[in-house]
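Residue-level listing of the chains:
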Amino acid sequence: MTSATLRHSVWILRGNPLTGVAAAGVLLLVLVAIFGPWLVPYDPVVSNVSESLQPPSAAHLAGTDQLGRDVFSRLVVAARLDLAIAVSAVGISFVIGAVVGSFCGYAGGRLDRSVGRFVDVMMAFPLFVLAMAMVAALGNRIENIVIATAIINLPFYIRFARAEVNVRRNVGWVEAARSCGESHFSVVLRFLLPNILPAMAVQISLNLGWAILNAAGLSFIGLGVKPPTPEWGIMVAEGARFISTGRWWLVAFPGLALMMAVLCFNLLGDGMRDILDPRMRT
Amino acid sequence: MVMTGLGATVARAGRRLLSSLPALFGVLVFTFLLMRVLPGDPAVFFASGPNAGKEEIEQIRKQMGLDKSVPEQLVFYLSDIGRGNLGRSMMTGQPVLKDLRERLPASLELTFTALLIALLAAVPLGVVAALKPGSLVDHGVRLFCALGVCVPTFVSGLLLIYVFYYLLGLAPDPTGRIDVFTSLPPQRTGFLSVDFLLAGDIEGWWAACKQLILPALSMALFVIAPLARITRASMLVSLGSDFVRTARSVGLSWQKVVVTYALRNAILPVITIAGIVFSTMLGANVLVEKVFSWPGVASYALDALLSSDYAPVQGFVLLMAGIFVLVNLAVDICYGIADPRVSIG
């Protein structure tokens, strides 16, 4: 980062301090995901029936569930799994989507148009249903939640990379690279892809939040993660049975965790977009 | 001139319809193949009992066409669809078409209500935010939108149940479309709230509305954000344009300028997003349907999926594809009505 970019970033951050807060939130989330299991006051899977369904107190910050497990400890430990699912899913779709989209955008023509049309239709299709069907077909395991989430994220990356490469395919430095004898292959991978990476980073941050929601939704309906594994979506599902008898903490705290995680990624993405492309500021 | 405008709209909608067919076909074939790898053997399920002999299972497999190769099965499946036969569900024992027809109105009623609530909230919010960009109101709307897309529908649904059912006692027991003891109105539209009104049963109508409002609200909360954002962005462009300046300079009232001129010109992108939101909601509301035990098509497909019953899932995807096409057509036609210039181009 050059000093000018740095100054610009600081200036933007001053105008929108939320981005800094969001970045701190994401950092906190990552730290919790890494060190969580060593920080928690209780074992997240050991049940203690004598203390079941207690409301939040000093001993149990977020109360206890129907088996007497400490909800706070489960929330903290779950961060790793939720984050890991989202990050690996978005990682896979980013790598594949960026490469496929870049080549389509660079090649143009009929292939590009039909890929574009297909992606448009995919995006308007109920993607969550597609993810559901994929997890059910491939088997009810965590890896398959990752694969399904990656596949339904793919259209967004293909479309984004395509559009970004398309506007750059005939600019001067691409012409220059070609005239220096670089193959089309290397023009795309060594010149165009690195150039669109910053813009893709924004997309990644916005997408991580969406991926977290999707994965949580899948495990909420009973696909993928199985109890007693601590995971935010399944915790909400388990707590749902007790909501109409007033045990709000079983749903509210995992819900809050999901919300804060998604909010941080979204705000960070918005902030990064402001830094990268001041014209896009809304 | 009107005729040519209408004709152009239809032609344009038709062209777009045709160009989306290959992708839809792709989705259909994809789901078909996906369903073939579902765990579980349907022939064993249909057999007389757990002790059914190998021969009996072979027989059933032959009946169902499962002994053929996958491409052959695909051809049979497509020709069945052509004849309106979506197969039979193993869970309910009924033809899938019948099941879907019974359950679709529930999903549509929920989704339409949610979309209506979302639009009624989002358009005014977006307009108010665009009128004073940078003001407190604008920031408030932005905060609300940022929070709205972060709360999963299943969490907001459950929290709404906690507040309105458990704490306040305003909402009825959150299961299904209507109390089991209420007598149903004669079915005309399939939308309970409309059917009760047609039957003149105000009490029943109110009961149906009370069941409907919480699930619809939790879905609406999630989609207000994209709608309000696009309204704000497109209103900003429209308010900054020359025709608004002209309208103001000739002395038209501010209200007339905003509502009649600026908003009408800003509404096109909102329609597009509303179309997308509608078809996504129909699928994604499986979460809400599950929370509120709503007997819709998405929860039907989910139950089928979890018990390896693939005919309903395929039928559901086909239905979604059909609705997707219809929604796109509707959006195209709304375009032509909202902005006659579109159909001339």
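Residues numbered from 1 in each chain as written. Chains lettered and ligands numbered in written order. Predicted model: local features only at pLDDT ≥ 70, side-chain atom pairs only at ≥ 80, totals over all residues.

1. Section: the overall build of chain A
Counting secondary structure elements, chain A contains 10 helices and zero strands. Sequence-ordered secondary structure for chain A, helices as α and strands as β, is α-α-α-α-α-α-α-α-α-α. For chain A, the C-alpha atoms occupy an extent of roughly 75 × 50 × 30 Å along the three principal directions. Across the 282 residues of chain A, 50% fall into the buried class. Excluding contacts between residues fewer than 6 apart, the proportion of contacts in chain A whose partners are at least 24 apart in sequence is 70%. (Helix = DSSP H or I, 4+ residues; strand = E, 2+ residues; numbered from the N terminus. Buried ≥ 20, exposed ≤ 12 C-beta atoms within 10 Å, placed from the backbone. Contact = placed C-beta atoms within 7 Å.)

2. Structural notes on the overall build of chain B
Within chain B, the regular secondary structure consists of 15 helices and zero strands. Burial analysis of chain B (345 residues in total) assigns 40% to the buried set. In chain B, the share of contacts with a sequence separation of at least 24, taken over all contacts with a separation of at least 6, comes to 72%.

3. What about helix α5 (residues 127-138) of chain A?
Residues and elements named next belong to chain A. Along its 12 residues, α5 runs 16 Å from first to last C-alpha, staying within 8% of the 16 Å computed at 1.5 Å per residue. Among the 12 residues that make up α5, 11 are buried, leaving the element largely enclosed by the rest of the structure. Within α5 the residues assigned to the buried category are Leu 127, Phe 128, Val 129, Leu 130, Ala 131, Met 132, Ala 133, Met 134, Val 135, Ala 136 and Ala 137. (Expected span 1.5 Å × (residues − 1).)

4. A closer look at the packing of helix α5 (residues 96-131) of chain B against helix α6 (residues 136-148) of chain B
Residue and element names in this part refer to chain B. Contact pair α5 / α6: the axes reach a minimum separation of 8 Å and the direction vectors enclose 140°. Classified by the angle their axes make, α5 and α6 are oblique. The handedness of the crossing between α5 and α6 comes out as left-handed. Of the residues in α6, those touching α5 at Leu 125, Val 128 and Ala 129 are Val 137, Asp 138 and Val 141. (Axes fitted to C-alpha atoms, helices over the stretch in contact; angles between N-to-C directions. Parallel < 35°, antiparallel > 145°, perpendicular 65-115°, else oblique. Left-handed = near helix turned anticlockwise from the far one by under 90°.)

5. Topic: the interface of chain A and chain B
At the junction of the two partners, chain A supplies 37 residues and chain B supplies 46 residues. A breakdown of the residues in the side of chain A that touches chain B according to their chemical character gives 27 nonpolar, nine polar and one charged. (Nonpolar A, V, L, I, M, F, W, Y, C, P; charged D, E, K, R; others polar.)

6. What to know about helix α9 (residues 232-240) of chain A
Taking burial as the measure, the nine residues of α9 of chain A include seven buried ones, the bulk of the element. Taken together, the buried positions of α9 of chain A are occupied by Trp 232, Gly 233, Ile 234, Met 235, Val 236, Ala 237 and Gly 239 of chain A. Those residues of α9 of chain A hidden inside the fold are in contact with α3 (71-107), α8 (184-220) and α10 (249-276) of chain A together with α7 (153-167) of chain B.

7. Points about the packing of helix α11 (residues 254-284) of chain B against helix α14 (residues 310-338) of chain B
Residues and elements named next belong to chain B. Look at α11 against α14: their axes get within 10 Å of each other, and the N-to-C directions meet at 170°. Between α11 and α14, the interaxial angle falls into the category roughly antiparallel. Along the contact surface, α11 presents Arg 264, Ile 267, Leu 268, Ile 271, Thr 272, Gly 275, Phe 278, Ser 279, Leu 282 and Gly 283, while α14 presents Met 320, Ile 323, Phe 324, Val 327, Asn 328, Ala 330, Val 331, Cys 334, Tyr 335 and Ala 338. Its residues assigned to classes, the contact of α11 with α14 shows 14 nonpolar, five polar and one charged.

8. Comments concerning the environment of Val 90 of chain A
Note on placement: Val 90 of chain A falls in helix α3. Taking the C-alpha atoms as reference points, Val 90 of chain A and Leu 208 of chain A, 118 residues apart in sequence, are found 6.5 Å from one another.

9. With respect to the nonpolar core
Ala 131, Met 132 and Ile 212 of chain A together with Val 223, Leu 227 and Ala 301 of chain B are the most contacted members of the largest nonpolar core, which totals 178 residues. Setting aside residues up to four positions removed in sequence, Val 223 of chain B forms contacts with Ala 118, Val 277 and Met 281 of chain B. (Core = buried A, V, L, I, M, F, W, Y, C linked by C-beta atoms within 7 Å.)

10. Structural notes on the environment of Pro 126 of chain A
With respect to the helices and strands, the residue Pro 126 of chain A is situated in the loop between α4 (109-124) and α5. Owing to 24 C-beta atoms within 10 Å, Pro 126 of chain A belongs among the buried residues under this scheme. When sequence neighbours within four positions are dropped, the list of residues in contact with Pro 126 of chain A reads Ser 279, Thr 280, Leu 282, Gly 283, Ala 284 and Met 320 of chain B.

11. Quick word on the confidence of the model for chain A
In this model, chain A carries a mean pLDDT of 83, and residues with pLDDT of at least 70 account for 95%. Per-element averaging of pLDDT across chain A places helix α1 (residues 3-15) of chain A at the bottom with 72 and α3 of chain A at the top with 89. (pLDDT = per-residue confidence, 0-100.)

12. Here's the deal with the environment of Leu 138 of chain A
All names here are of chain A. Turning to its location among the elements, Leu 138 is positioned in helix α5. What makes Leu 138 partly exposed here is the crowd of 17 C-beta atoms within 10 Å. Not counting residues within four places of it along the chain, the set of residues in contact with Leu 138 comprises Asn 144 and Ile 147.

13. Thoughts on the confidence of the model for chain B
Averaged over every residue, the pLDDT of chain B is 80; residues scoring 70 or more account for 90%. Reported confidences for the modelled complex are a pTM of 0.83 and an ipTM of 0.84.

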